[in-house]
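Structural characterization, general
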Amino acid sequence: MRAYRPLPRRFYERSSVVVARELLGKVLVKEEDGLILAGVIVETEAYGGPEDPASHAARGRTKYNWPLWRDPGLAYVYRIYGVHFCLNVVAAEKRGLGSAVLIRAVEPIEGLEVMMRRRRVGNPRLLTSGPARLAEAFGIDLSFNGWDLTRGEVLYIAEGREVPDQQVVSTTRVGISKARDKPWRFYVRGNPYVSRR
DNA sequence: CACCCGATTATCT
DNA sequence: GATAATCGGGTGT
């Protein structure tokens with residue numbers, strides 16, 4: 001019996017805004033040769049298709065963003081500022097719409113020692129409280145671009161705990177210059193691993 | 001080819 | 001608060 005149950009593809013076959021909200025409380029899992037890393041998703045952001053100027057889909061298809069136009073449930077990993085990686089999961093009512101959800105923060109629950117070694121920090125709060133921080137802690141790089149997160153192998157997202165609406169905060173997205181009015185960032189109120197800003 | 005900007009973070013002052 | 005890290009993608013000469 002598996003420790004974590006991967007979310008089925010149909011979970012991701014909804015609008016990215018709905019999926020971003022529903023991903024709160026789910027578990028990001030990485031399995032590397034028996035080593036297990038896991039963290040509860042506590043912060044996400046929804047990005048639309050080409051009609052959302054803040055989305056990478058607005059650039060049209062490029063060498064790296066091709067997963068955005070493939071099946072919901074695939075990972076879209078990109079390099080940012082030349083030095084970091086960020087993890088998205090493709091989410092849309094149907095294939096080809098270009099929308100996705102950025103995983104911005106998780107609360108680490110398994111594999112803390114390995115994460116601390118990779119991140120070279122002692123304070124647990126600095127391990128995974130930001131999209132590039134969690135990518136480094138989990139060892140996520142461009143080799144996972146296009147990875148199918150529904151297969152339950154190596155890197156996937158699993159069932160977790162329900163987060164009641166009362167604990168969910170919706171605000172505008174972080175770090176963008178276009179379409180700044182959309183309230184498509186979601187996080188768990190009071191969780192210490194939510195990224196600061 | 002040159003230049004600018006970016007879904008970020010660590011490390012200064 | 002300011003800056004460097006320096007890759008991917010867009011734009012303009």
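Residues numbered from 1 in each chain as written. Chains lettered and ligands numbered in written order. Predicted model: local features only at pLDDT ≥ 70, side-chain atom pairs only at ≥ 80, totals over all residues. Heavy atoms only, no water.

**Structural notes on the packing of aromatic side chains**
What the rule picks out here adds up to three aromatic pairs. Aromatic side chains Phe11 and Tyr12 sit 5.1 Å apart centroid to centroid with 80° between the ring planes, which places their arrangement in the edge-to-face category. In this arrangement the basic side chain of Arg14 is found over the ring face of Phe11, its NZ or CZ atom lying 4.8 Å from the centre. (Phe/Tyr/Trp six-rings, centres within 6.5 Å; stacked < 30°, edge-to-face > 60°. Lys NZ or Arg CZ within 6 Å of the ring centre and 35° of its normal.)

**Quick notes on the layout of surface pockets**
The volume enclosed by the largest pocket comes to roughly 880 Å³. Along its surface, the largest pocket is lined by 40 residues, and Tyr78, Ile80, Tyr81, Cys86 and Pro131 are the ones closest to its centre. Elements represented by at least two residues in the lining of the largest pocket include exactly β2 (35–47), β3 (75–80), β4 (84–90), β5 (100–110) and α4 (131–138). By residue number, the principal contributor to the lining of the largest pocket is α4, which donates five residues. Across the lining of the largest pocket, the residue classes break down as 19 nonpolar, 12 polar and nine charged. (1 Å grid on protein atoms, 1.4 Å probe; cavity = no way out; pocket = protein on both sides within 12 Å on 5 of 7 lines; lining within 4 Å. Points joined across faces, edges and corners; volume = space filled by probe spheres on them. Helix = DSSP H or I, 4+ residues; strand = E, 2+ residues; numbered from the N terminus. Nonpolar A, V, L, I, M, F, W, Y, C, P; charged D, E, K, R; others polar.)

**Overview of the pattern of salt bridges**
Enumeration over the complete set of coordinates arrives at 13 salt bridges. Glu159 is the salt-bridge partner of Arg5, the closest N and O atoms lying 3.9 Å from each other. Of this pair, Arg5 sits in the segment before α1 (9–12) while Glu159 sits in the loop between β6 (155–158) and β7 (168–171); the two residues are 154 residues apart in sequence, bridging distant segments of the chain. Among the charged side chains, a salt-bridge network with shared partners connects Glu43, Glu45, Arg104 and Arg185. (Salt bridge = Lys/Arg side-chain N within 4 Å of Asp/Glu carboxyl O.)

**Observations concerning the protein's contact with DNA strand C**
Around DNA strand C, the structure places Arg59, Thr62, Lys63, Tyr64, Arg79, Gly82 and Val83. Looking at DNA strand C alone, sugar and phosphate atoms form 76% of those within 4 Å of the protein. In the model, a sugar or linking oxygen of DNA strand C is placed 3.4 Å from a nitrogen or oxygen of the Arg79 side chain. Looking at the surface near DNA strand C residue by residue, the classes come out as two nonpolar, two polar and three charged. (Near = heavy atom within 4 Å. Polar contact = N/O pair within 3.5 Å; in protein donor to acceptor, adjacent residues only side chain to side chain.)

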